[in-house]
Structures are given as C-alpha cells and as structure tokens.
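Survey of secondary and tertiary structure
Given next are the chains, with one letter for each unit.
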Amino acid sequence: MKRTYRKTVVRTVRQSFSRFMAIFAIVALGVGFLAGLLGATPDMHYSTDRFFDETELFDLRIVGTLGLTDEDVAAVAELESVQELMPAYSADAVMTAPNGDTLVARVQSVPLDQIEEREPEGYLNRMEVVEGRLPVKEDECVVEQGFALQNSSFSVGDTLTFSSENENLEDTFARESLKVVGIVRTSAYFSIERESASVGDGTVDVVLYTGEENFALSAWTDLYVTVEGAKNFDSLTEEYADYVDGTAQRVEDISEARSQLRYEEVKTEAQQELDDARQEYEDAKAEAEEKLADAEEELADGRSQVEENEAQLEGAKAQIESGQAELDAQKQALPGTLTAQQQQLADAENRLIDAKAQYEAGKAEIQEQETVLEQGRQQLEAAKQLVDTLEPALEQAQQALPLLEEEVERRQAEAETAQQLADQLDAAADTAE
C-alpha cells in the first residue's frame, strides 16, 4: 500500500511539475519573508543599541526649573552608579539665514576643549561628521543632519545671525552670530520629528551645536548622565529601563533638597539685586536732592547778583544822563571863560566815558550771571529726570520677587504632583504583578 502511494505521489509530481515548483517557491518565499521579519527586530535593536553605546548617548537627562549649579553637578556625581556626566547649556532663539529666511533654532553647547576633529572622545552625546568638520573656535557651530536636510536656507560656510526679535538676547548668548562649519549626525536626535520651541512659531527648524563659551547663562540648563553597567542591557528593553530607574530614583531623592537650596540661592540673589537697586535709587535720589538744593542756592545767588547788577546799571545810566546834561549846560555857557569851560567840558566827557565803561562792565556781568542761572536750571532739570528714571526701576525690581516666588512654588507643586503620579503608577504595577 505504501509502495503504491509513493508511486502515485511521484507520478502526480511528474505530471504537474511546474505547478509543484510554483507552490514550492511560494512556500519558500513565505518562509523566507517570515524568517526575515523575525530576525529584523533583534537586528535593528542590536544596531540601534550599538550606535547609542558607540556615541555615548546619555542614560538620564536632568533639568531644573531654576537651572543647575556646579554644586548640583557635584552632588549628582557622588551618587552611586553614576559613571559619567556632562553639564550643558540649551536655549531656543530666532536666527536669520544669509538669504533672509527666519529660522527657529535650538542651540546646545558642547565642550570645545574635549573635541578632536577626527576622533571625538571625552564627552557624551558624541557627534559624527557628515560634512565639513566639528567646531574648534568659539564663533563656530555645526548643524544636526536631520534638520539640515529639511532646510535649504543655508549651507556649510554660511553665517547665521541672532535676530533682534529675541528678548534679552545678551543675557542668553555671548555672540550675535555663528558660522556653520559642518553637518553632524548624533544619536541624541535619532528621530527627526520636529520639536516644540519657546520662541518664533513654536516649532524647531534647526538644531545647532556650539561651544559653551557662546552662552551667557549663569547656570547650566541640562545635565546628561550615563549609568555604570547600563551598556550591558539593550536600551530598547524594559530591563534597561528598570536598571536606569534605580539611578533616576537616587537623583529624585536629592532633588528636593537641591531644589530648595537653589530656590534660596535665587531668592537671595534677587533680594540682593533688589536691595542694590533700592540703595542705588536712594543714593541717586539723595544726590539729585543735593544737586537740586545746590542749584536752587546758585539760582538764588544768581538772582541776587542780577538784581545788584541791575541797580548798578540804573546808577550808571543816571550818571550818564547827569553827565550829558552837564555837558549840554557847559556848551551853552561857552561865551564865558573859554579855557575853563573847555576844561570842564573835557572833565565831563571823561566822566561820561567812565560811566559808559562801567555800564558795559555791568552789562557783561549781568550776562554772565544769566549764563550761571541757565546752567543751574539745566542741573535742576537733569536731577529731576534722574529721580523719575530710577523710580520705575525700583518698582519693577519689587514686582519681580513675588513673581519669582510664585513660579518656584508652582514648579514645586508640579514636581510633587509628578511624584504622586509616579507613586501611583508604581503601586499599580505592583498590584498588576
């Protein structure tokens, strides 16, 4: 029976060999496709994880509402299982391309002193050069590849200028423009999804990397951390997330104390600035009042001198009139003794000349006193303007402190809410287990 069945099978295959081969090819193709799908996922995981490890991608990114100080960095460095860390600056800005296009840029810092053009090592989130080179000078920057491909407004060698639309630009950046020297690829932007920005139209158009020296911020905005032993795990698995969460929890444990210290520091600095502004205002006000009193005193002295000079002028005029009358009288009496009359006439003319000279001197002195009086008025006006200028500055400084305290309290409340949510999620996870 078995022998007959085998003959039948062989005969059937021979009679429809082409159909048999087609079915065999279809089955083989399906098996190969399935095998490829099953093998693609672990291969992609392996390739991605290796890329992350080779470029030293961070495991944790720490940010603070009021920024991070060097003391915060030192506190995180002392935590167990923290391997490497890199503080950095990050800020959004509106920039202008050479062709006039406006771009919303996310500018991030890299340590220029640790960058080598051919083999960059010694810092986290390392960059691979696609075109050009890495920045080595303070006025240079590089562009992330994914965002560079989406924008044709500039190319390597162009200069991007910070737009005047940015508020408080001098408090954030130390330069007005950056020169693009290269295009890079980094694992920090493994995806090219457009991020939200705090300026412009609210969407990031380009990501720039430049030296820390180009920022004017007083505190770090980001702290990137790698966890010791995290490279032993696939970064796309739950095991990796659970392992890194241990270090993240240690950071959370010290965050409240560090946040309170930072809050007190910022509050102290704000109070000091307010006290300095108030003291400056008081000093300026006292100086202005002193100048005002001096100006009023000079003005009063000037008025007295003007009145005295006016009196002298009136006296000089009277002498001139008297001399002129005497001269006229003597001219009428010429038929008398000619010699005596001529002498009297000469004396009267001399007195007239002296009176005119005295009159001119008094007039010049009056003009000088009027000049002094005008200067006193100008000093008085300048002192009043100084007082008017300092009063709004003091009011703004007094209003800034409550706003800062409200912002800190709001951020602390958000942090507490986030912690409660995390606790609830942990409890739910424990219940599910």
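So, here's what we can say about the structure. Just so we're clear, the structure is a prediction, and the values are computed from it rather than from any experiment.

Some details on the sheet that holds strand 10 (residues 220–227)
With antiparallel pairing, the three strands of this open sheet are ordered in space as 1-10-2. The open sheet terminates on both sides in strands that have one partner only, identified here as strand 1 (60–68) and strand 2 (82–88). Going from strand to strand, the sheet's axes swing by 20 degrees on average, the running direction of each strand aside. Strand direction decides the pairing type here: strand 2 and strand 10, joined by six bridges, are antiparallel. Bridging across to strand 10, Glu-84 finds its partner in Thr-226. Here helix 3 (residues 70–77) sits on the sheet in contact with strand 1, strand 2 and strand 10, set at roughly 165 degrees to strand 2.

A few points about a positive patch on the surface
Residues Arg-3, Arg-6, Lys-7, Arg-11 and Arg-14 make up a contiguous surface patch of positive charge. As for its position among the elements, Arg-11 is in helix 1 (residues 2–15). Judged by its relative accessible area of 46%, Arg-11 falls in the partly exposed class.

What to know about empty space enclosed by the protein
Evaluation of the coordinates by the stated rule reveals one cavity of 30 Å³ or more. In this structure, the largest cavity occupies an estimated 80 Å³ of space. When contributions to the lining of the largest cavity are tallied by element, the ones reaching two or more residues are strand 2 and strand 4 (102–110). Considering each element in turn, the lining of the largest cavity owes the most residues, three residues, to strand 4. Broken down by class, the residue content of the lining of the largest cavity amounts to seven nonpolar, three polar and no charged.

Quick notes on the nonpolar core
Within the largest apolar cluster, 37 residues are counted, with the highest numbers of intra-cluster contacts made by Phe-162, Phe-173 and Leu-208. Dropping the residues within four chain positions of it, Phe-162 is found in contact with Ala-93, Val-94, Met-95, Val-107, Leu-169, Phe-173, Arg-175, Glu-176, Ser-177 and Leu-178. If you look at the next biggest cluster of nonpolar residues, it comprises 19 residues, including Met-86, Val-110, Leu-112 and Tyr-224.

What to know about the pattern of salt bridges
Inspection of the entire model under this criterion finds 11 salt bridges. Among the salt bridges present, the one from Asp-92 reaches Arg-106, with a minimum N-O distance of 2.8 Å. One end of the pair, Asp-92, is in strand 3 (residues 90–96); the other, Arg-106, is in strand 4, with 14 residues separating them in the sequence. For the pair shown, Asp-92 and Arg-106 are each scored as buried. Of the charged contacts, one joins Arg-133 and Glu-140 as a salt bridge, the two residues approaching to 2.6 Å between their closest N and O atoms. Residue classification places Glu-140 among the buried residues on the basis of a relative accessible area of 4%.

Cut-offs used in this document
- Note that residues are indexed from 1 along each chain, following the sequence as it is written.
- Only residues with pLDDT of at least 70 are given local features in this predicted model, and only at 80 or more are side-chain atom pairs given and counted; all residues enter the totals for whole chains, interfaces and linings.
- Values reported for side chains reflect all heavy atoms of the structure, with hydrogen atoms and water molecules removed beforehand.
- One bridge is not enough; two strands pair if DSSP finds at least two bridges between them.
- Under the scheme used here, helices are H or I runs from DSSP no shorter than 4 residues and strands are E runs no shorter than 2 residues, and both carry numbers assigned from the N terminus.
- Note on geometry: axes are C-alpha line fits, over the in-contact stretch for helices, and angles between N-to-C directions span 0 to 180 degrees.
- What makes two residues a contact is simply this: any of their non-hydrogen atoms within 4.5 Å.
- Patch building starts from residues that exceed 30% relative accessible area and form no salt bridge, then joins like charges within 9 Å and nonpolar side chains (Val, Leu, Ile, Met, Phe, Trp, Tyr) within 5 Å.
- Only the protein chains shown count as cover for residues, with accessible areas throughout obtained via the Shrake-Rupley method and a probe of 1.4 Å.
- In the sections that follow, a salt bridge refers to a side-chain nitrogen of Lys or Arg positioned within 4 Å of a carboxyl oxygen of Asp or Glu.
- None of His or the chain ends enter the tally, which takes Lys and Arg as positive and Asp and Glu as negative.
- All charge positions are set by atom: Lys at NZ, Arg at CZ, Asp at CG, Glu at CD.
- The rule is simple: take the accessible area with a 1.4 Å probe, protein chains only, and divide by the maximum for that residue type; under 20% is buried, over 50% is exposed, in between is partly exposed.
- The rule is simple: put a 1 Å grid over the protein atoms alone, call a set of points where a 1.4 Å probe fits but cannot get out a cavity, call an open set with protein on both sides within 12 Å along at least five of seven lines a pocket, and count a residue as lining if it has an atom within 4 Å of a point.
- Grid points are joined across faces, edges and corners, and a volume is the space filled by probe spheres set on the points.
- Throughout, the ten residues Ala, Val, Leu, Ile, Met, Phe, Trp, Tyr, Cys and Pro are labelled nonpolar, Asp, Glu, Lys and Arg are labelled charged, and all others, Gly among them, are labelled polar.
- Side-chain atoms within 4.5 Å are what join buried Ala, Val, Leu, Ile, Met, Phe, Trp, Tyr and Cys residues into a set we call a nonpolar core.

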